[in-house]
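Coordinate inspection notes
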Amino acid sequence: KAGVTQTPRYLIKTRGQQVTLSCSPISGHRSVSWYQQTPGQGLQFLFEYFSETQRNKGNFPGRFSGRQFSNSRSEMNVSTLELGDSALYLCASSLRLAGGQETQYFGPGTRLLVL
Amino acid sequence: GENVEQHPSTLSVQEGDSAVIKCTYSDSASNYFPWYKQELGKRPQLIIDIRSNVGEKKDQRIAVTLNKTAKHFSLHITETQPEDSAVYFCAASKSNQGGKLIFGQGTELSVKP
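Predicted model only: the values in this text are computed from it and were never measured. (Residues numbered from 1 in each chain as written. Chains lettered and ligands numbered in written order. Predicted model: local features only at pLDDT ≥ 70, side-chain atom pairs only at ≥ 80, totals over all residues. Heavy atoms only, no water.)

Some remarks on the side chain of Gln38(B)
You can see Gln38(B) is positioned in strand S4 (residues 32-38). Overall, Gln38(B) belongs to the buried group, its relative accessible area being 9%. For Gln38(B), the side chain forms a polar contact with the side chain of Gln37(A), separated by 2.8 Å. (Helix = DSSP H or I, 4+ residues; strand = E, 2+ residues; numbered from the N terminus. Buried < 20%, exposed > 50% of the residue type's maximum accessible area, 1.4 Å probe, protein only. Polar contact = N/O pair within 3.5 Å; in protein donor to acceptor, adjacent residues only side chain to side chain.)

Looking at the interface of chain B and chain A
Contact residues are listed per partner, giving 21 residues for chain B and 23 residues for chain A. Counting the surface lost from both chain B and chain A, the interface buries some 1,800 Å², and carbon and sulfur atoms represent 48% of this. Ranking the residues of chain B by area buried against chain A places Arg43(B), Gly99(B) and Phe103(B) at the top, with a combined share of 30%. Here chain B is connected to chain A by 7 residue pairs in polar contact (both at pLDDT 80 or more). When residues of the side of chain B that touches chain A are traced back to their parent elements, those giving at least two are S4 and strand S5 (45-51) of chain B. Residues of the side of chain B that touches chain A, tallied by class, amount to 7 nonpolar, 9 polar and 5 charged. (Contact = heavy atoms within 4.5 Å. Buried area = accessible area lost by both parts, 1.4 Å probe. Nonpolar A, V, L, I, M, F, W, Y, C, P; charged D, E, K, R; others polar.)

Topic: the state of the cysteines
Residue and element names in this part refer to chain A. What the rule picks out here adds up to 2 disulfides over all chains. The disulfide partner of Cys 23 is Cys 91, and the gap between their sulfur atoms is 1.9 Å. Note on the Cys 23 and Cys 91 pair: the S-S dihedral is about 75 degrees, so by sign convention the disulfide is right-handed. Taken together, the positions of Cys 23 in strand S3 (residues 19-24) and Cys 91 in strand S9 (residues 87-94) put the pair 68 residues apart, joining distant regions of the chain. Both residues of the pair, Cys 23 and Cys 91, count as buried. (Disulfide = S-S within 2.5 Å.)

As C-alpha cells, then:
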C-alpha cells in the first residue's frame, strides 16, 4: 500500500497570508490527525478528523482549521499567518477502529516558512 | 492538562552499549504508549508500542516497559548500532481520544562507532 502523502512538501508564505495543506491517508484509513513540529515545542497535536468530522482538537487558535472529505483526504488551513507558524506540519493516518487506538502512520510533512 | 515528560533530551552511547529513554505521563486514563523514531529530515516511524494491559513488550533489540502505578514507561535498546542514531519520541493517548497523541519532547540518541 502507498504510504501517507502530503502536498506541498515545502511552502514559503508571508505574514498575513493564508495557506492550505493537503494530506492523503493510507488507503482504507479513515482517521487523519495533524501535528505541528517545531524545535522549541516539539510535536503538538492540532486536530483529528474521522469520517469527515472533527473528533479531537488541540490547543491551537481558531486560525488553524481543517476538514476531511468523503475519500478521507484531509486539508488543514492556517489563516493570517504569523512568523511563529513556521514549522513542519505532519499528518498521520490510522484505521481508527471503534474503541481502540491503532498505529498512526505519518506522512513526510509540509515544511512551512513564514517570512 | 495532559503532559508527557521525556528524559534525557540527549544521549550518547558507544556502539554495542544499551540505551534507555524514560517517559512519564500525567493523565492516568492514558492507555496506549507508542514510540517513534525520527531520522534527520524523515517522517516519524513507529518502532514499538505498548498498551496498558501489558507490562513489557519486546521486539528484537527493542523493548518497552510500562509501570501504570508510577505512570512511567521506558524504551530500552540493546546492542546499539550507528543506524540507531536518531531522535526518539514517546507518546501517550487514551481510548476516547484515540487519534490524539501527546508527545514527549524527544531524545536525540547518538551511537558512536
